[in-house]
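Chains, contacts and geometry: an overview
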Amino acid sequence: MLMSDSSAAVSPQICGTPALRRKNLGAAGPEKFTAEFIQKQVEEFEIGKRHLANMMGEDPENFTQEDIDRSIAYLFPSGLFEKRARPLMKVRLSADLCFPPCEAVQWGPDGRPFHFLFYTGKQYYYSLMHDLYGRVLKVEKHQDQLRAKGLFPTEPKQIALGTSRWLTKEELEARLVEPISSQDYECFIQLLERLVAMPCCSLEQQFVMSHRQQLEAQSMHQVVPPLQKDDAGVDFSTAEGRRKTSRGSVVVRDCGAGRLTVNGQDYLHYFPVLQDREQLMFPLQFCGLLGRFDLDCSVSGGGRSSQAGALRLAISRALLSFLPQSEGEAMRQAGLLTPDPRVRERKKPGQEGARRKFTWKKR
Amino acid sequence: MFGGPQLNYPTVDISLPLHPLLYHLNRKLTPSEVSFYLLTASLRITFFPKLQLKPVLTVSDKILDLPLEKQDLFRVSELFTVKDLFDARVHLGHKKGCRHRLMEPYLYESSLDYDIIDLDKTTEHLRRALNVTAQTAYGGGIILFISRRRQFCHLVENTAEECGEYAHTRYWQGGLFTNAHVQYGPGVRLPDLVVFLSTLNNVFQQHVAVRDAGKMNIPTVGVVDSNCNPSLLTYPVPGNDDSPVAVELYCRLFKTTINRAKDKRKQMDNKHDILLKSIK
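The notes below deal with the structure included here.

About the thresholds
- Residues numbered from 1 in each chain as written.
- Chains lettered and ligands numbered in written order.
- Predicted model: local features only at pLDDT ≥ 70, side-chain atom pairs only at ≥ 80, totals over all residues.
- Heavy atoms only, no water.
- Helix = DSSP H or I, 4+ residues; strand = E, 2+ residues; numbered from the N terminus.
- Contact = heavy atoms within 4.5 Å.
- Areas by Shrake-Rupley, 256 points an atom, 1.4 Å probe, with all protein chains shown as cover.
- Buried < 20%, exposed > 50% of the residue type's maximum accessible area, 1.4 Å probe, protein only.
- Phe/Tyr/Trp six-rings, centres within 6.5 Å; stacked < 30°, edge-to-face > 60°.

**Quick notes on the overall build of chain B**
Assigned secondary structure in chain B consists of nine helices and eight strands. Counted over contacts in chain B with a minimum sequence separation of 6, partners at least 24 positions apart contribute 62%. Of the roughly 14500 Å² of accessible surface on chain B, a fraction of 56% belongs to carbon and sulfur atoms.

Here you go:
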C-alpha cells in the first residue's frame, strides 16, 4: 500500500543497497510452484502429447500413457539399468515426484497466504492443536451446562480405547505433510489424553478415533491347518515345524490311543533321553489331551534336541485344528506356536569362534 | 490539507503531492514543515529518486485515499466509550514495583501502589490504532495478531480467523520476519501491520516480534500494560493486557473495525464497477 514501485519487494523499503536486493538463492529452500505454473506445465504436456502422436502416425485423440511410454522408448532408446534414469514423459501430480502438495506455493496472486496460521511456520500442526483445544473447550462447556441443569452423569460413558493406540509421530507427520518435533508430538498426545480423560468426552468420539490406529490381534495371523478325514472316518491334520537345521512333519490322528511313531520307530527308541520326550509331550499336556491322539512323525536334519523342538512346533500347529480359538490363543501366549529363531552363528575371521576371541597376551 | 482537525498553530493550506512518508499524517502541515519539505526536495531527489515519482491518480488510488481525506471514515469513535473501557477493567495496571519508566506519562495515578492507566489517553491512542487498522484492512493489507499469553491464544486465533486475517500465538521461531525468504520461501509477502494483544512473552520480556517488525519497517499496534516498554511500537495503546474481559474487548474492537473496513472497500469497488459498466 505504501509502495510506488510494486515489483517484488518484501516490505516497504525506504532506502536500499544492491546487497539487500540481491536474493540469496542458495539459502532458500526447495523451489515452490504456483498453481498457474503447474496448470501451464499440464497444458504444455497435452500439446506435446499430440505432437508425439502425430510423429508416430497415431490418433492424437486416443493416445494413452502406455502409447507415450512406448513411443519415447522407441525414439530415445536407452541402455541404462536404472529405470528411473531413462527418458520419461509423464505428469505426476500426486505426492510421488513432480509437484508434491507441500511444495505448492502457500499464497495467492496478491501475496495473501491461504491459511490463517501461515506466519507461524507450522500451519497444519498448529491448526490441528487449535481445533483440538476448541473441542476440549466445547466438551467443558457442555459439562458445565449439564452441571447447571443438574443432569451431570454419575457414570459417564467413556470412549473405548482398549484395542487401539495413538498415531505414531511418523504417521502424524505423513498426515500433516510437514515435519514435527518430538516436543510438539508430546504436546499433541498430552492434549488428546486430556480430552479423553474428561467425563463427557464421548461427544468427540469420532475425532478421537480418527487419531487412533486399530491394533490387529496377533492371533488372527495364525494359519490353522485344515482338518481332514481319512478313509476310516478318522479326523486327522498335518503340520510342519523346524528348529535350527531340523525339518519335521507330523500327522495327528484323533484315534484315542496315544501312540507315537517317529521315522517308523517307537518314540522311546528314537528319543532315549527324557528331555526330548518331554518336549514332544508338552503341547498335549498343556491342552490336557494326552491320551486322545495318535502321532505319526517324520524328522530329518540337526541333532536330537533340535529334532525334538521341530516336532514340538509341528505338533502344536497340528493341534490348532482340533481346538477352539481361545485355546489356540492360550497356546500362542505360552509360546508353543512361535518358531525358535536361534540358529548357529557363523565363525568370524580373526576370532576363534563366533564370539570367542584368541587368547590375549600382554607381551 | 484536506479538512483535518482545527489546530491552534498557524498552518499552510497548499496542495502538495501525496508523499508516501506522509500517508499516516492526518493533519495540515505547519509552515516550518512545508519549508523543510521544499528545501530538502533537492536532497531527496538526489538520494531517493524513486520516491519522487508523482503518483498517477487512477480510480483505485482515489478509493485508497478516501480514508485519508475524510475524518474517521469508519466511525471508529462510536465503537467504544470510556465507560466501556472502565467496565472492562482496562485501567488496571500492575504494582509500582513492576512499573516501566516509559509508561509513566500514560498513568493517571497509583492508589495503594497499584498503577491506574489514564483512560482519556487510552481512548485517544486506541482510536488512532483502530483507524490505522481500518485503513490497512481497507487497502487490502495483511494484519498479523500476536499474543504469547496461553490463556488468550485460542481467542486471538478465533478473532483472526473470523476477520480473515492472520495470527501467531505460538513459539516465535528466530528469523520469521528477518529471515523470511528462507523460513517461508522466496517471494513471500510479510504483514503490513502487526497488532500485539500483549507485548510480553512467557518470561516477561519484550516479544522478539516488536524489534523484528521495527527492523523490517512494519508498523506495529500494541496494547502496553504498565510493565511494558512502549518505545518501539508505532501506535501504543496503554491498557490492561491481563484480564480476560479487557482482552475480549480488544479482540471485539479489532474484529469489528477490520470487518467494517473490508465491507466499505467491497462497497467502493462495487460502486466503481457499476460506474465503469454504465460508462461502457
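**A word on unusual backbone geometry**
Residues and elements named next belong to chain B. The phi dihedral of Asp72 falls on the positive side, at around 50°, and the residue is not glycine. Of note, Asp72 is situated in the loop between helix 3 (59–69) and helix 4 (82–87). Even without being a glycine, Leu112 presents a positive backbone phi close to 55°. Positionally, Leu112 belongs in the loop between strand 2 (107–111) and strand 3 (114–117). For Leu112, a relative accessible area of 77% gives the class exposed.

**Description of the environment of A:Tyr133**
Following the sequence through the fold, A:Tyr133 ends up in helix 4 (residues 123–149). Note: C-alpha distance between A:Tyr133 and A:Leu191 (58 residues apart in sequence) is 7.6 Å. Setting aside its immediate chain neighbours within four residues, A:Tyr133 contacts A:Leu191, A:Arg194 and B:His154.

**Details of the packing of aromatic side chains**
As enumerated under the stated definition, the model contains 12 aromatic pairs over all chains in all. Pairing A:Tyr119 with B:Tyr166 gives two aromatic rings, centres 5.6 Å apart and planes at 90°, and the pair type is edge-to-face. Placement of A:Tyr119 in the loop between helix 3 (65–75) and helix 4 and of B:Tyr166 in strand 5 (residues 166–168) is noted, with the two residues assigned to different chains. Like B:Tyr166, A:Tyr119 is buried. When the centroid spacing of 4.8 Å and the interplanar angle of 55° are considered together, the rings of A:Phe293 and A:Phe322 count as tilted. Here the residue A:Phe293 occupies a position in the loop between helix 9 (274–287) and strand 8 (294–300), and A:Phe322 occupies one in the loop between helix 10 (304–319) and helix 11 (325–334), the gap between them amounting to 29 residues. According to the relative accessible area criterion, A:Phe293 is buried, its value standing at 2%. Overall, A:Phe322 belongs to the buried group, its relative accessible area being 15%.

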